[in-house]
Amino acid sequence: DVEIPKDMLLKENRSYFIWKYGKFPDVVIEIVSNNQGGELDDKLDKYALLGIRNYVVFDPLCVLGKITLHVFELQGGQYTPTSRAFFGTIGLGLVEWHGSYEGLDALWLRWCFSDGTLVPTGAERATMAETRAKNEKARADREKTRALDEKARALHQKTRADDEKARADR
């Protein structure tokens, strides 16, 4: 229920301010880059006080320990760790995914649907559209060939029938 600013590259549009957007986010995701951010203590407490329903800490470099994905759900004013990163209020979940994105092969955090299917990236959507277009062209080409074959077969049958009639008339 939040309208995204048209120019996300402007510095003032790269952060989510509750007073600017008029609502608390449904999910907060912190991506750990060093051990100074307080993601598993100070921020955990602050987001709970704000009433943020879901809090996720993604630590792909294992700066905070061996666990790369921490998922918390607010229950009774406190966060409870949960093993499932699906957020019913937005109809999406998060999964760790190892693969190539923007030319970088790494561990990524990806949005997914309730069945675990990944939400495709822009590049993946473009590839799927290209594949669909190629498949549709191949189908159209097959249909055109079938129609030409059918036309040739009908012409051949007509020619045979005309020949037989001409022989009969002699």
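Fair warning: this is a prediction, and the values are worked out from it, not measured in the lab.

Some points on the overall build of the protein
The helix and strand inventory of the protein stands at three helices and seven strands. What you see in the protein, going N to C, is helices and strands ordered as α-β-α-β-β-β-β-β-β-α. Taken over the C-alpha trace, the protein has a radius of gyration of 29 Å; the compact-globule value for 170 residues is 15 Å, which it surpasses by more than 25%. Principal axes of the C-alpha set define a box for the protein whose edges measure 105 × 35 × 35 Å. Taking all contacts inside the protein whose residues are at least 6 apart in sequence as the whole, residues at least 24 apart take part in 37%. Total accessible area on the protein is roughly 12700 Å²; 54% of this is exposed by carbon and sulfur atoms. Side chains of the protein give 26 positive and 27 negative charges; the mean places of these two sets differ by 9 Å.

Description of unusual backbone geometry
Backbone geometry at Cys62 places phi at a positive 55°, although glycine is not the residue there. Summarising the element assignment, Cys62 is placed in the loop between strand S2 (54–58) and strand S3 (69–75). One non-glycine residue, Glu102, lies in positive phi territory at about 50°. Within the secondary structure, Glu102 sits in the loop between strand S6 (92–101) and strand S7 (104–112).

A few points about the sheet that holds S7
Pairing within the open sheet is antiparallel, and its three strands lie in the order S5-S6-S7. Each edge of the open sheet carries a strand with a single partner, namely strand S5 (86–87) and S7. In this structure, S6 lies alongside S7, joined through nine bridges in antiparallel fashion. The residue bridging Glu96 from the neighbouring strand is Leu109, located in S7.

Some points on the nonpolar core
Core analysis: the largest hydrophobic core is formed by 10 residues, namely Val28, Val32, Leu44, Tyr47, Ala48, Ile52, Tyr55, Val57, Phe72 and Tyr79. Among the secondary structure elements, those contributing two or more residues to this core are helix H2 (42–50) and S2. Per element, the largest residue contribution to this core is three residues, and it comes from H2. Not counting residues within four places of it along the chain, the set of residues in contact with Val28 comprises Tyr47, Ile52, Asn54, Tyr55 and Val56.

Some points on the pattern of salt bridges
As enumerated under the stated definition, the model contains 10 salt bridges in all. Close ionic contact of Glu124 with Arg110 constitutes a salt bridge, the shortest N to O distance being 2.7 Å. One end of the pair, Glu124, is in helix H3 (residues 122–169); the other, Arg110, is in strand S7, with 14 residues separating them in the sequence. Overall, Glu124 belongs to the partly exposed group, its relative accessible area being 28%.

Cut-offs and rules
Residues numbered from 1 in each chain as written. Predicted model: local features only at pLDDT ≥ 70, side-chain atom pairs only at ≥ 80, totals over all residues. Heavy atoms only, no water. Helix = DSSP H or I, 4+ residues; strand = E, 2+ residues; numbered from the N terminus. Rg over C-alpha atoms; globule rule 2.2 N^0.38 Å. Contact = heavy atoms within 4.5 Å. Areas by Shrake-Rupley, 256 points an atom, 1.4 Å probe, with all protein chains shown as cover. Lys, Arg positive; Asp, Glu negative; His and termini not counted. Charge placed at Lys NZ, Arg CZ, Asp CG, Glu CD. Pairing = 2+ DSSP bridges. Core = buried A, V, L, I, M, F, W, Y, C linked by side-chain atoms within 4.5 Å. Buried < 20%, exposed > 50% of the residue type's maximum accessible area, 1.4 Å probe, protein only. Salt bridge = Lys/Arg side-chain N within 4 Å of Asp/Glu carboxyl O.

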